[in-house]
Every structure is written in C-alpha cells, then in structure tokens.
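Residue-level structure breakdown
What follows is the residue order along each chain.
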Amino acid sequence: MGSSLGLKLFLNTLGFHPTVITPTDFAGFLNWMKDSEKTVVFEGNEARCKTLTAEADFIFCLDFNHLSRINEYGEFVGNSKAKKIMIDHHQFPQGFEDLSYWDDTASSTCELVYRFIAELGLQANVDKDIASCLYTGIVTDTGSFRYSNCSSRTHIIAAELMDFGIDHVAIHDQVFDSYTEKRVRFIGYAISQKLEVLKEYKTALITINRQELKEYDVITGDTEGLVNYGLSIEGIKFAVLIIDRSKIVKMSFRSKGKFAANNFALQHFNGGGHFHAAGGSSLVPFEETIAQFKEVLKQYKEELNA
Ligand code: 5GP
C-alpha cells in the first residue's frame, strides 16, 4: 500500500491519474494514507478491474515479481497489452514485465520507489503525503529498522523522507499503536493458547483455525506481525504461523541467522519471499497442512540446531 499509493501520488504530480488496484483488501491501520479510499480492491470489483487493466497503457507492478502473488488478478495483468513496469525487492523474478526496477538487496519496494523518483531527478515533486506512504512501507518491511534488510542506504532514505515533513510519531502510532481491543485479545489468545514451541527444532508454531478467526472477528491486518512473537523467544530460529483462510491455508515463515525461510517456503509450500521473511500456502486441509509441516521440519533438525 505504501509503495503503490506513494507512486500513485507521485505520478499525480506529473499529471497522470493512475488507479491503485489491490488483489485483496488491505489493513485498516493503513487507511489514513492519502487516497487509500480510492483504491479498487479486485475481490468484489472484478469487472471494473478487468476493464481498467485491459484499457491501461502502463501497469506498475509493485512489491511482487510473480503474477501468482496477486492471485486471480494476475491473469488480467498478464493478459493486458499494457507495458508492465515491475518495481520489487523479492528474489527470483518471474520475468513477466517489460521493464524492471528490481533490487533484492533493497529493504522494501518503498525504498525502490524513492530511488526511482530520485534517479529521475524528481525529488522536488515529493511531498509530505508521498513521503509518509514511502516511510511507512520502509518501517513495516524493516520491522522498524531492525531486520537484516535494513542498510545504511535505508536509513539515509528514511532521513530524506523525514525532511519532507512527515510526522513519524503519528505514523508509528497509526500502524503499531492503534490496535482494536479485540486484536490485542486475539494476539494474547494466540500466544497463550496456540503457540507451540518445538524445542528440538528451535521452532515456534502458531496455528489459527477458522473457528478462532470467527470467534475473534479477525479482519485483514489483525494477524500482521503475529508470527514474530515466536521468533522473539530466546533460542528460536524459525517461527511459523499457519492460518486456515477461506480458500487456502496460508503460512508465514520467519527465521534468524543462516536458516533460509524463503527456501523452506519454496521447497515445501508453493511459496517464497525473503531469506528471513517468507510465506507460502497449502491447498490440503488445515490439520493435514500442520501435520505436513511438522513432518517436513524433521529434515531440517540438524540445520536448525547447527
Ligand atoms: P507475510 O508472511 O508477511 O505474508 O510475507 C512475508 C514475505 O513473504 C513477503 O515478502 C511476501 O511477499 C512473501 N510471501 C508471502 N506469501 C508468499 C507466497 O505465497 N509466495 C511467495 N512467493 N511469497 C510470499
């Protein structure tokens, strides 16, 4: 959302009026971003998105490099005659695009959007709203500047973004300190009741079933960051969150040190992502997926204990 809205607002300054389309709805804690309310969510607006996509001259593809990452919407983007410009920082690009601005050493796509603007020599067009969107994406993707993807360049860009007058305290407050009470209670429940520590694998697992999603009225964004609690336990190198979503079982993987979360996701759960932060999915039933995960984990015992 940060990279898409940041780029959209920047393009507005050049006289272009793109539409931001997201494959699914987005977390409510981002709805303060300028023009977020103009975003068209593919799910539920398929016909409109189909027309917009077919009629577009250019499609900027932000924060994904494989069409499967945007679910069914990927087919429409793939079929569109528009020139596709991919701006992304994930490994292993699919190569669907016409032009790419890609760097897997960048902390975030927001960092790349800023670099893209800077390389065009158009930093003067950046305003507080654009900077706020880009700063947010950098903060969230770096875990508030603490993950290994955060470089000195990230800090320099963040500093430059601050100079556009953003209110970083308010941004932090909106993103991290504006949880609903039910979200906090849900996190409490997940940690106290659903966290399994698999000590012999230095792994922490949280599983959330559909009943629990319903009971705690979990909405998009409520599970954001939940997987990290597992990794905050001393000695844990691999943290996993498995959620029984409506069509698929969705998985989040986080790792520390030399254990490649993206490789694990790619090898076993149709996924990918970054070395320390990855995701995947499974089409087999929830309980079966959990069993499958525990079975597969056995292969990594040595590596996780190294
Ligand atoms: P999260 O666990 O926060 O959903 O995702 C962590 C990282 O893994 C993000 O960079 C995200 O783009 C990537 N990711 C999440 N799910 C998938 C997936 O199913 N496939 C791939 N290739 N990457 C994923």
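Small disclaimer: the values here were computed from a predicted structure and weren't measured.

Parameters at a glance
Sequence order sets the numbering: in each chain, residues are counted from 1 along the sequence as written. Two thresholds apply to this predicted model, a pLDDT of at least 70 for residue-level local features and 80 or more for giving and counting side-chain atom pairs, whereas whole-chain, interface and lining totals are computed over all residues. As a rule here, side-chain values cover all heavy atoms of the structure and leave hydrogens and water aside. Definition of nearness: a residue and a molecule or strand are near each other if at least one heavy atom of the residue lies within 4 Å of the molecule or strand. In protein, a polar contact means a hydrogen-donor-capable atom and an acceptor-capable atom, both N or O and within 3.5 Å, with residues adjacent in sequence counting only if both atoms are side-chain atoms; elsewhere, any N or O pair within 3.5 Å suffices. All accessibility values rest on the Shrake-Rupley procedure with a 1.4 Å probe; residue burial counts only the protein chains present in the view. Between Lys or Arg on one side and Asp or Glu on the other, a salt bridge is scored when a side-chain nitrogen of the former is within 4 Å of a carboxyl oxygen of the latter. Only DSSP runs of H or I with at least four residues qualify as helices, and only runs of E with at least two residues qualify as strands; both kinds are numbered from the N terminus onward. The rule is simple: take the accessible area with a 1.4 Å probe, protein chains only, and divide by the maximum for that residue type; under 20% is buried, over 50% is exposed, in between is partly exposed. Put simply, buried Ala, Val, Leu, Ile, Met, Phe, Trp, Tyr and Cys residues joined by side-chain atoms within 4.5 Å make one nonpolar core. The criterion used for residue contact is that any of the two residues' heavy atoms lie within 4.5 Å. Criterion used throughout: strands pair if DSSP finds at least two bridges between them. All axes are obtained by fitting lines to C-alpha atoms, using only the stretch in contact for helices, and the reported angles, taken between N-to-C directions, cover 0 to 180 degrees. Pairs were defined over the aromatic rings of Phe, Tyr and Trp, the Trp ring being its six-membered one, requiring ring centres within 6.5 Å. Orientation was assigned from the angle between planes: stacked under 30 degrees, edge-to-face over 60, tilted for the rest. Only a pair of cysteine sulfur atoms within 2.5 Å qualifies as a disulfide here.

**So, the site of the ligand**
Surveying the vicinity of the ligand reveals 13 residues, the closest of which are His-90, Lys-250, Ser-252, Arg-254 and Gly-272. Contact distances for the ligand include 2.6 Å between an oxygen atom and a side-chain N or O atom of Ser-252. Here Gly-272 contributes a backbone N or O atom positioned 3.1 Å from a nitrogen atom of the ligand. Compared with its free state, where it exposes 500 Å², the ligand has 75% of that area covered by protein.

**What to know about the pattern of salt bridges**
For the coordinates displayed, the defined rule picks out 12 salt bridges. One salt bridge in this structure joins Arg-185 and Glu-181, with 2.9 Å as the shortest N-O distance. Taken together, the positions of Arg-185 and Glu-181, both in helix H8 (residues 181-193) and four residues apart, correspond to about one turn of that helix. As far as the burial class goes, Arg-185 and Glu-181 line up, both exposed. Ionic contacts of the salt-bridge type, sharing partners, join the residues Asp-103, Glu-111, Arg-115 and Arg-153 into one network.

**A word on the nonpolar core**
Generally speaking, a soluble globular protein has its nonpolar side chains buried in company with each other. Residues Leu-7, Ile-87, Val-113, Leu-134, Tyr-135 and Leu-161 are the most contacted members of the largest nonpolar core, which totals 34 residues. Listing elements by their share of this core, those giving two or more residues are helix H1 (2-13), helix H4 (109-119), helix H5 (128-141), helix H6 (152-162) and helix H7 (168-176). By residue number, the principal contributor to this core is H5, which donates seven residues. Once residues within four sequence positions are removed from consideration, Ile-87 is found in contact with Phe-60, Cys-61, Leu-62, Asp-63, Tyr-101, Thr-109, Leu-112, Val-113 and Phe-116.

**Notes on the sheet that holds strand S8 (residues 238-244)**
Strand order across the open sheet formed by six strands is S6-S7-S8-S9-S11-S10, with mixed pairing between neighbours. Every other strand in the sheet has two partners, leaving strand S6 (195-198) and strand S10 (272-273) as the edge strands with one partner each. Judged from the seven bridges that link them, S8 and strand S9 (residues 249-255) form a sheet pairing that is antiparallel. The residue of S9 that forms the bridge with Val-240 is Phe-253. Across the face of the sheet, helix H12 (residues 286-297) comes into contact with S6, strand S7 (203-208), S8, S9 and strand S11 (277-282) while running at roughly 160° to S8.

**Considering the packing of aromatic side chains**
Per the stated rule, a full pass over the model turns up 20 aromatic pairs. Consider the rings of Phe-186 and Tyr-216, whose centres lie 5.7 Å apart with planes at 55°: the pair is tilted. Taken as a pair, Phe-186 in helix H8 and Tyr-216 in the loop between helix H9 (210-215) and helix H10 (226-231) lie far apart in primary sequence, 30 residues in all. The residues Phe-186 and Tyr-216 share a single accessibility class, namely buried.

**So, the sheet that holds strand S5 (residues 99-102)**
Read across the open sheet, the three strands follow the order S3-S4-S5; overall the sheet is parallel. Since the sheet does not close on itself, it has two edges, and those belong to strand S3 (58-62) and S5, each with one partner. The sheet shows a mean angle of 15° between the axes of neighbouring strands, direction not considered. In this sheet, strand S4 (residues 83-88) lies alongside S3 in parallel orientation, the contact comprising five bridges. In the sheet register, Leu-62 faces S4, and the bridge partner there is Ile-87.

**Quick word on the side chain of Ser-132**
The topology assignment puts Ser-132 in helix H5. Looking at Ser-132, the relative accessible area reads 8%, which means it is buried. Reaching out from Ser-132, the side chain makes a polar contact with the backbone oxygen of Lys-128 at a distance of 2.7 Å. In this structure, Ser-132 is in contact with Trp-32, Ile-166 and Ile-171, ignoring residues within four places of it in sequence.

**Brief notes about unusual backbone geometry**
In the Ramachandran plot, Asp-35 falls in the positive-phi region, its phi being about 70° despite a non-glycine side chain. Of note, the phi angle at Ser-144 is positive, near 60°, even though the residue is not glycine. Summarising the element assignment, Ser-144 is placed in the loop between H5 and H6. The class of Ser-144 is partly exposed, set by a relative accessible area of 32%.

**Overview of the state of the cysteines**
One pass over the full model with this rule turns up zero disulfides. Not part of a disulfide, Cys-49 finds its nearest cysteine sulfur in Cys-61, a span of 13 Å. We classify Cys-49 as buried; its relative accessible area is 0%. The thiol of Cys-110 is not disulfide-bonded; the next cysteine sulfur, from Cys-133, is found 7.8 Å away.

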